Amino acid sequence: MVEFHRVRVVFVLLFVCGSFRDALSFYLPGLAPVSFCEKEAGDKNSEVPDCKSTIELFVNRLDSVESVLPYEYTAFDFCAEQHEKRPSENLGQVLFGERIELSPYKFLFKKNLECQSVCVKSYKTQDAGDKAKLDFLKKGMLLNYQHHWIVDNMPVTWCYDVEDNQKFCNPGFPIGCYVTDTGRAKDACVVNADFNDKDTFYIFNHVDITIFYHVVENEVAGARLVAAKLEPKSFKQSNVEKPDCTGPPMSLSNKFNGEIRIPYTYSIKFVEDKTIRWASRWDYILESMPHTNIQWFSIMNSLVIVLFLSGMVAMIMLRTLHKDIARYNQMDSVEDAQEEFGWKLVHGDVFRPPRKGMLLSVFLGSGTQIFIMTFVTLFFACLGFLSPANRGALMTCAVVLWVLLGTPAGYVAARYYKSFGGEKWKTNVLLTAFLCPGVVFADFFMMNLILWGEGSSAAMPFGTLVAILALWFCISVPLTFIGAYFGFKKSAIEHPVRTNQIPRQIPEQSFYTKPLPGIVMGGILPFGCIFIQLFFILNSIWSHQMYYMFGFLFLVFIILVITCSEATILLCYFHLCAEDYHWQWRSFLTSGFTAVYFLVYAIHYFFSKLQISGLASTILYFGYTMIMALIFFLFTGTIGFFACFWFVTKIYSVVKVD
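Going along each chain's sequence as written, the residues are numbered from 1 onward. Per-residue local features are limited, in this predicted model, to residues with pLDDT of at least 70; the limit for side-chain atom pairs, both in listing and counting, is 80 or more; totals at the level of whole chains, interfaces and linings are taken over all residues. The side-chain quantities take in all heavy atoms of the structure and omit both hydrogens and water.

### As for the overall build of the protein chain
Reasoning step 1: Secondary structure assignment for the protein chain yields 18 helices and 17 strands.
Reasoning step 2: Considering the protein chain as a whole, with its 658 residues, one finds that 50% of them fall into the buried category.
Reasoning step 3: Residue pairs in contact within the protein chain that sit at least 24 positions apart in sequence constitute 77% of those at least 6 positions apart.
Reasoning step 4: Accessible surface is estimated by sampling points in the Shrake-Rupley manner with a 1.4 Å probe; for residues, cover comes only from the protein chains shown. Surface accessibility of the protein chain: about 32700 Å² in total, with carbon and sulfur atoms responsible for 61%. Labels follow the DSSP assignment, with helices taken as runs of H or I lasting at least four residues and strands as runs of E lasting at least two, numbered in each case from the N terminus. Exposure classes here rest on a 1.4 Å probe applied to the protein chains alone. A residue is buried below 20% of its type maximum, exposed above 50%, and partly exposed in between. Contacts are assigned to residue pairs that have any heavy atoms within 4.5 Å of one another.

### Overview of the sheet that holds strand β7 (residues 149–151)
Reasoning step 1: In space, the four strands of this open sheet follow the order β4-β1-β7-β8, with antiparallel pairing throughout. On the outer flanks of this sheet lie β4 (101–108) and β8 (154–155), each paired with one strand and no other. Strands are treated as partners if at least two bridges between them are detected by DSSP.

### Looking at helix α14 (residues 531–542)
Reasoning step 1: With twelve residues, α14 extends 16 Å from end C-alpha to end C-alpha; this agrees with the ideal 16 Å at 1.5 Å per step.
Reasoning step 2: Of all the residues in α14, the buried ones are Ile532, Gln533, Leu534, Phe535, Phe536, Leu538, Asn539 and Trp542.
Reasoning step 3: His544 sits one or two positions beyond α14 and adopts a positive phi of about 60 degrees. Residue count minus one, scaled by 1.5 Å, sets the expected span of a helix.

### Looking at helix α15 (residues 550–577)
Reasoning step 1: Compared with an ideal rise of 1.5 Å per residue, which puts 28 residues at 40 Å, α15 spans 40 Å between its outermost C-alpha atoms and is within 8% of the ideal.
Reasoning step 2: A large share of α15 lies buried, amounting to 22 of its 28 residues.
Reasoning step 3: With its phi angle positive at about 65 degrees, Glu579 sits one or two positions after the end of α15.

### Comments concerning the side chain of His148
Reasoning step 1: Among the structural elements, His148 can be located in the loop between β6 (146–147) and β7.
Reasoning step 2: Residue contacts for His148: discarding those within four places in its chain leaves Phe58, Val59, Asn60, Arg61, Asp63, Pro171 and Gly172.

### Looking at the pattern of salt bridges
Reasoning step 1: The salt bridge criterion pairs a side-chain nitrogen of Lys or Arg with a carboxyl oxygen of Asp or Glu, the two atoms within 4 Å. Counted according to the given criterion, the structure contains ten salt bridges.
Reasoning step 2: A salt bridge links Asp63 to Arg61; the shortest N-O distance between them is 3.1 Å. Neither Asp63 nor Arg61 differs from the other in exposure class; each is buried.
Reasoning step 3: For Arg586, the salt bridge goes to Asp580, with nearest N and O atoms at 2.7 Å. Take Arg586 and Asp580: they sit in the same class, and that class is buried.

### Remarks on the side chain of His206
Reasoning step 1: Mapping His206 onto the fold places it in strand β14 (residues 206–215).
Reasoning step 2: N or O atoms closer than or at 3.5 Å make up a polar contact, with two conditions inside protein: a donor-capable atom paired with an acceptor-capable one, and, for residues adjacent in sequence, both atoms drawn from side chains. In this structure the side chain of His206 is engaged in a polar contact, spanning 2.7 Å, whose partner is the side chain of Asp208.
Reasoning step 3: There is a polar contact of 2.7 Å between the side chain of His206 and the side chain of Thr265.
Reasoning step 4: Once residues lying within four places of it in the same chain are set aside, the contact partners of His206 are Cys115, Glu231, Pro232, Lys233, Phe235, Cys245, Thr265, Tyr266 and Ser267.

### Points about the pairing of strand β12 (residues 176–179)
Reasoning step 1: With burial as the criterion, each face of β12 is covered, one bearing Gly176 and Tyr178 and the other bearing Cys177 and Val179.
Reasoning step 2: Sheet analysis places β12 next to strand β13 (residues 200–203), joined by four bridges and oriented antiparallel. When the bridges of β13 are listed, Gly176 appears paired with Ile203.

### Looking at the nonpolar core
The tendency in soluble globular proteins is for nonpolar side chains to be buried as a group.
Reasoning step 1: Only buried residues count toward a nonpolar core, which is a set of Ala, Val, Leu, Ile, Met, Phe, Trp, Tyr and Cys residues joined through side-chain atoms within 4.5 Å. In terms of nonpolar packing, the biggest core is built from 149 residues, with Phe107, Trp149, Ile211 and Val648 touching the most fellow members.
Reasoning step 2: Top element by residues in this core is helix α18 (residues 615–653). It accounts for 19 residues.

### Section: unusual backbone geometry
Of all residues except glycine, most have a negative phi; of all peptide bonds, most are trans.
Reasoning step 1: We note that Cys115 has phi near 50 degrees; this positive angle belongs to a residue other than glycine.
Reasoning step 2: With respect to the helices, strands and loops of the structure, Cys115 is situated in strand β5 (residues 113–124).
Reasoning step 3: Residues other than glycine seldom take positive phi values, yet Asp187 does so here, at roughly 50 degrees.
Reasoning step 4: By the secondary structure assignment, Asp187 is in the loop between β12 and β13.
Reasoning step 5: Asp187 sits in the partly exposed class, given a relative accessible area of 31%.

### Concerning the sheet that holds β14
Pairing between the strands of a sheet comes from backbone hydrogen bonds, and it takes one of two forms, parallel or antiparallel.
Reasoning step 1: An order of β5-β17-β14-β15 is seen for the four strands of this open sheet, with the pairing classed as mixed. Each of the sheet's edge strands pairs with one partner strand only, and the pair in question is β5 and β15 (223–233). Taken pair by pair, the neighbouring strands of this sheet meet at an average axis angle of 20 degrees, ignoring direction.
Reasoning step 2: Bridge count between β14 and strand β17 (residues 259–272): eight bridges; the pairing is parallel. The residue bridging Thr210 from the neighbouring strand is Lys269, located in β17.
Reasoning step 3: Each axis is a line fitted through C-alpha atoms, taken for helices only over the stretch in contact, and angles between the N-to-C directions span 0 to 180 degrees. Relative to β5, helix α3 (residues 128–142) is tilted by about 125 degrees, and along the sheet it contacts β5 and β17.

### A look at the state of the cysteines
Reasoning step 1: Here, a disulfide means two cysteine sulfur atoms that sit within 2.5 Å of each other. One pass over the structure, following the stated rule, counts five disulfides.
Reasoning step 2: Covalently, Cys37 is tied to Cys51 through a disulfide, its sulfur atoms 1.7 Å apart. Sign of the S-S torsion, about 105 degrees for the bond between Cys37 and Cys51, identifies this disulfide as right-handed. Here Cys37, found in the loop between α1 (2–24) and β1 (54–59), pairs with Cys51, found in the loop between α1 and β1; they are 14 residues apart in sequence, far enough to count as distant. In this pair, the class of Cys37 matches that of Cys51, namely buried.
Reasoning step 3: Two residues share a disulfide in this structure: Cys79 and Cys119, whose sulfurs sit 1.8 Å from each other. Every disulfide takes its handedness from the sign of the S-S torsion; for Cys79 and Cys119 that torsion is -80 degrees, giving left-handed. Note that Cys79 is positioned in the loop between β3 (67–71) and α2 (91–95) and Cys119 in strand β5, a separation of 40 residues in sequence.
Reasoning step 4: Judged by its relative accessible area of 2%, Cys79 falls in the buried class.
Reasoning step 5: By sequence order of its bonded cysteines, the protein chain has the disulfide arrangement 1-2, 3-5, 4-10, 6-7, 8-9.

Treat this as a map of the structure, not an account of what it does.
Dropping the structure here:
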């Protein structure tokens, strides 16, 4: 047996070493680098092996900060590639509404071009179909919908100067902009003084693209792309068949009737940049994100405060408990104990099964599933596997982990339900498998119906919906049953003290030891350690900003676990001292109440930070927010219960009970 253990350890070490060696041989957060070579003129067979000469530009869905509804590129009737096969998307990309497809923009490496025509779109305002297309295009400009283009798995950015002479690089650029009937320029219309006609839309129908490359020396042939930037412009073109990219901007007046022709053009330029390496090519985008310095300072400040408070809580708990236990163990009679102390008096009731033990055990099972899923996902994100370069990987990882973690959910729910004295094991395992996931799926399905009705790209296709249900019913549910089988098969949790047959009467409580005030106060400290991080997470979801600081998020996650645990233990101790032994639900709700603060903050964020308009977008925002609040409630509540369960078991196992 010892030899087998040694061999197993050796194999594990070899696997880890091999993994690190492989990890060092390629760029971890994204895909493998692609080399590009210049194609010789007139030579059709000049392609170098493992070195491309054609650069393909992909387009993603368009989104807006003023609407929750993303749309596919083709929904706006832009120039599209007709016969190219769409790249396959992973589950995370589908859930987030990403729809990547090949564009008609294709370039040859190091071949500069000026004012190349892509296509011309014509609209007759008298034709109902053309008018609908034109109106939808105007709606996109009015709501400031943004293009998202991709070159070599890298976003094409629009970089412009902001306040304090800093440059901000946006991974998207607008369709166009609108000047109101009062002459006020909205959104991107402020960048050009020629955008001044009232009640008029201006479409960005030309882009100046600059691709930066880095020549790889002493490694492989060719060069690697390290940045792609563009500047959107608007030109009416005096001759749409032979554009020269000069003249007044392309305007679409609301009062115009007749035929409108919109020419789409581009210019491309290649620039060598020896300062940017391929492995750090995302840095210029991330470093220009707004409030980055504020984020670092705020996170560090928040962590210092939380660590200080956690240290104070731990010190108070350890000193007080140590003194209490020492004094209890020195006493000779129960009467002496009853005169001075409270928490030892309830030793015969502290492990009495709670009311609604079935529901509590189901919540604990689902919370355990979410906790492990979050921990593993953040751990992989810290290693770089789930960076922005790996599109959709974060959500895919979370969903797959949730499906595979049905066994711990079933085991924990069954184990604690049995310890609560429950006997309806079939009901328990069915509720664990279907209650919380069913609520989330029902909410998600209602939101999906709205997205279907609005024609949004975020609407999950029917096939993907069936695949999600198959993962749930065919993998997660059987794994939950397996976990529940082992949970019920195992003997019940042994408590350090016996439970009396007759419940002890709880004395009248003061205001601060009543359930509701304690629950409300208990969620303040955990929420205080996450609300800074929460602001940037909500920004990444609703304002379409990249989130990449997973190291800090993982640290905040650990601090949240510690803070939830200590705050719950502290309040649990105070309630036990007040001879109130109903700690099970209270411990779950105390830290779970953090989700209520999260919900309140999300409502505040909606009204103070977002510019979302429209009934559908508002319903979608609050529908998805309710899903997040429920998941957060189960997650934090489970932490509080397990911390309090460990604490109660610990203190009653080290005292002498007469």
